[in-house]
Amino acid sequence: MRIFIAASEAVPYAKTGGLADVTGSLFREYRRLGEEAYLFLPLYRRIRESFVLKDTGFRIHLILGDRVIDSRILSHNNSVFFLESEEFFDRDELYGTPYGDFPDNARRFIFFSRAVLEAAMAMGLRPDIIHCNDWQTGMIPLYLKTLYNNDFFRKTASVMTIHNMGYQGIFDASEFNLTGLGQEWFGIEGIEFYGRINLLKAGLISADMITTVSRHYAEEILTPDYGHGLDGLLRKRASDLKGVINGIDIEEWNPSNDRLIPDRFDQDDLSGKMRCREKLIRECGLDSIKGEAPLISFVGRLSRQKGIDILSASVKRILDTGSGLIILGKGDAEFESMVSRIGRNNKGRVFVRLGYDEGLAHRIYGGSDIFLMPSLYEPCGLGQMIAMRYGTIPVARRTGGLADTIEDYDPVRDSGTGFLFDDYTPDALICSIRLAITTYSCKERWERLIKNAMKRDFSWKRSAEEYIDIYKSLQKRKE
Ligand code: ADP
């Protein structure tokens, strides 16, 4: 099968969050499974500076509003294609700065969506499937049904994966002209959304199949609380909506040969984890952590979605238990200053690092005892799976992929891989943390919990095969 993955980020090329892990890993897994997979990405500045790319010699010319834009197609390993536009993508950041999104994001990603289809035609590469990801590529399925409903794409089916309903690509109605679509598409049955345009909606009304990244989230987004205004539309398309849980890259995230952690370990010998823990405590200057108390951590975007507000409100009570707390994150300015204030006020007990730091993230997963994910909502979440692979026990809210991947600890049967709580409140979070700490104080129980967690299979293979089954069923529909 010839599969295109179109995305605004993918590891190892560009990453701001879990989306990049998903697209990059899926691409690699398809190749490993022998599929003819191609990845399409915008050529951001960092990619140009960090990889040696080949000019394919192919060019595209496309109309965007009242302009014609020319673009080169570059490639890496002949299977990853980059659409070049100095004007749109030669920037340090992908979507914006902590102070706000780039003002031309609609233009940038309408361009990119159309450029993927133009590139396919320019290179004579007919895809069986175009797998689109999030609002940045949401226009592609709609283009396949409109401007690109031609002989070249006659057999091409589209899949739209929602990685996060909280980000829909909503822009001013004046940007509609950029799409090149007829006015009939600016309406409730089209991409209009409360007087504006919504690029994720474009994908949801027109993709042959919609998927999201966990089963639980696939159900949640049909409700007003989680649907972010698109639950009605999704309910109409419920028969074409499926949840496929993400995996993690088990080679990158492997405590038995991870060079980014100071000591290696596996489930049969956890002594390396203890050394990682000691070094992490020293690195973060958490001298006041009490002997028997756990090291608790958080790694993630500092946004409302991740539960930073209930976490901040719980810090005092977490510290009352004698635990040490590490927070690594980057995100909204408001939360960044809130979290750094917590760090300043609790020196030696809370360590805060603002920014994106791959190495520190590994050391935190390796050396912590408890990993917090108090998310308001969580389409899938990778942090909890990575943490479990490193024997770091998640305390998480029972939502989305957290509910699918963490088995709640049962003290009677002594089974489970983490601790789940339901209410989105500091009280519920702290209650769950206390239960974890009580369990932690019983070394044998805790070690069993660690082993249960480390035994779980979070590899991509299973998910990749599920997607391929979906693609096959879509191909049949096109025959
Ligand atoms: P998101 O909603 O941001 O996609 P996920 O849990 O799905 O959240 O994925 C987040 C990924 O990004 C994880 O691999 C996590 O370790 C990583 N990550 C998030 N924030 C940081 C950071 N500040 N530094 C290093 N890695 C980070």
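Residues numbered from 1 in each chain as written. Predicted model: local features only at pLDDT ≥ 70, side-chain atom pairs only at ≥ 80, totals over all residues. Heavy atoms only, no water.

Visitor: In this structure, what is going on with the domain arrangement of the chain? I would like to understand it.
Guide: The accessible area lost on association of the parts is a frequent measure of interface size. Domain annotation of the chain identifies domain 1 (2-247 + 460-478) and domain 2 (271-454). Distance from the C-alpha centre of domain 1 to the C-alpha centre of domain 2: 33 Å. The interface of domain 1 with domain 2 comprises 22 residues on the first partner and 22 residues on the second. Carbon and sulfur atoms make up 56% of the surface buried where domain 1 meets domain 2, a total of about 1,500 Å² over both sides. At the boundary of domain 1 and domain 2, one finds 10 residue pairs in polar contact (both at pLDDT 80 or more). Those elements giving two or more residues to the side of domain 1 that touches domain 2 turn out to be helix 1 (18-32) and helix 7 (215-220). (Domains from an automatic or database assignment. Contact = heavy atoms within 4.5 Å. Buried area = accessible area lost by both parts, 1.4 Å probe. Polar contact = N/O pair within 3.5 Å; in protein donor to acceptor, adjacent residues only side chain to side chain. Helix = DSSP H or I, 4+ residues; strand = E, 2+ residues; numbered from the N terminus.)

Visitor: Explain the site of the ligand to me, please; I cannot follow it from the model alone.
Guide: What surrounds the ligand is a group of 19 residues, the closest being Gly18, Arg301, Lys306, Gly355 and Tyr365. Within the contact set of the ligand, an oxygen atom lies 2.7 Å away from a side-chain nitrogen or oxygen of Arg301. At a separation of 2.7 Å, an oxygen atom of the ligand approaches a polar side-chain atom of Tyr365. If you list the elements that add at least two residues to the shell around the ligand, you get helix 1, strand 15 (295-302), strand 16 (324-331), helix 13 (358-367) and helix 14 (383-389). Here the shell around the ligand takes 3 residues from strand 15, the largest share from any one element. Its residues placed into classes, the shell around the ligand shows 7 nonpolar, 7 polar and 5 charged. Taken together, domain 1 (2-247 + 460-478) and domain 2 (271-454) each give at least three residues to the shell around the ligand, which thus spans both. (Near = heavy atom within 4 Å. Nonpolar A, V, L, I, M, F, W, Y, C, P; charged D, E, K, R; others polar.)

Visitor: Help me out: how do you make sense of the environment of Trp460 in this one?
Guide: Summarising the element assignment, Trp460 is placed in helix 18 (residues 460-478). For the pair Trp460 and Asp249, spaced 211 residues apart in the sequence, the C-alpha separation amounts to 6.8 Å. Not counting residues up to four positions away in its chain, the partners in contact with Trp460 are Asp21, Val22, Ser25, Leu26, Glu29, Asn246, Gly247, Ile248 and Asp249. Engagement of the side chain of Trp460 in a polar contact is seen with the side chain of Ser25, the distance being 3.2 Å.

Visitor: Any chance you could explain the packing of aromatic side chains here in plain terms?
Guide: Applying the stated criterion across every chain yields a total of 31 aromatic pairs. Relative to Phe89, the ring of Phe88 has its centre 6.2 Å away and its plane inclined at 65°; by these criteria the two rings are edge-to-face. For the pair shown, Phe88 and Phe89 are each scored as buried. Ring centres 5.1 Å apart and planes at 35° place the aromatic pair Tyr365 and Phe371 in the tilted group. (Phe/Tyr/Trp six-rings, centres within 6.5 Å; stacked < 30°, edge-to-face > 60°. Buried < 20%, exposed > 50% of the residue type's maximum accessible area, 1.4 Å probe, protein only.)

Visitor: When you look at the sheet that holds strand 3 (residues 54-64) in this model, what are you seeing that I'm missing?
Guide: In space, the 9 strands of this open sheet follow the order 3-4-5-2-1-8-9-13-14, with mixed pairing throughout. The two strands at the open ends of the sheet, each matched to only one other strand, are strand 3 and strand 14 (241-243). Geometrically, the sheet is characterised by an average inter-axis angle of 25° between neighbouring strands, direction not taken into account. Pairing geometry for strand 8 (residues 129-133) and strand 9 (residues 157-162), over 5 bridges, is parallel. Residue pairing across strands places Asn133 opposite Thr161, the latter belonging to strand 9. Packed onto the sheet, helix 4 (residues 105-123) meets strand 1 (2-6), strand 2 (36-42), strand 3, strand 4 (67-76), strand 5 (80-83) and strand 8 and runs at close to 125° relative to strand 3. (Pairing = 2+ DSSP bridges. Axes fitted to C-alpha atoms, helices over the stretch in contact; angles between N-to-C directions.)

Visitor: What am I meant to see in the sheet that holds strand 10 (residues 170-171) here?
Guide: Strands pair in a sheet through their backbones, by hydrogen bonds, and they do so in one of two ways: parallel or antiparallel. Ordered by their spatial adjacency, 3 strands build an open sheet running 10-12-11, and the pairing between neighbours is antiparallel. Here the strands that pair on one side only, and so sit at the sheet edges, are strand 10 and strand 11 (192-193). Both strand 11 and strand 12 (residues 196-198) contribute to a ladder of 2 bridges, which runs antiparallel. Note that in strand 12 the partner of Phe193 across the bridge is Arg196. Packed onto the sheet, helix 6 (residues 199-206) meets strand 10, strand 11 and strand 12 and runs at close to 55° relative to strand 12.

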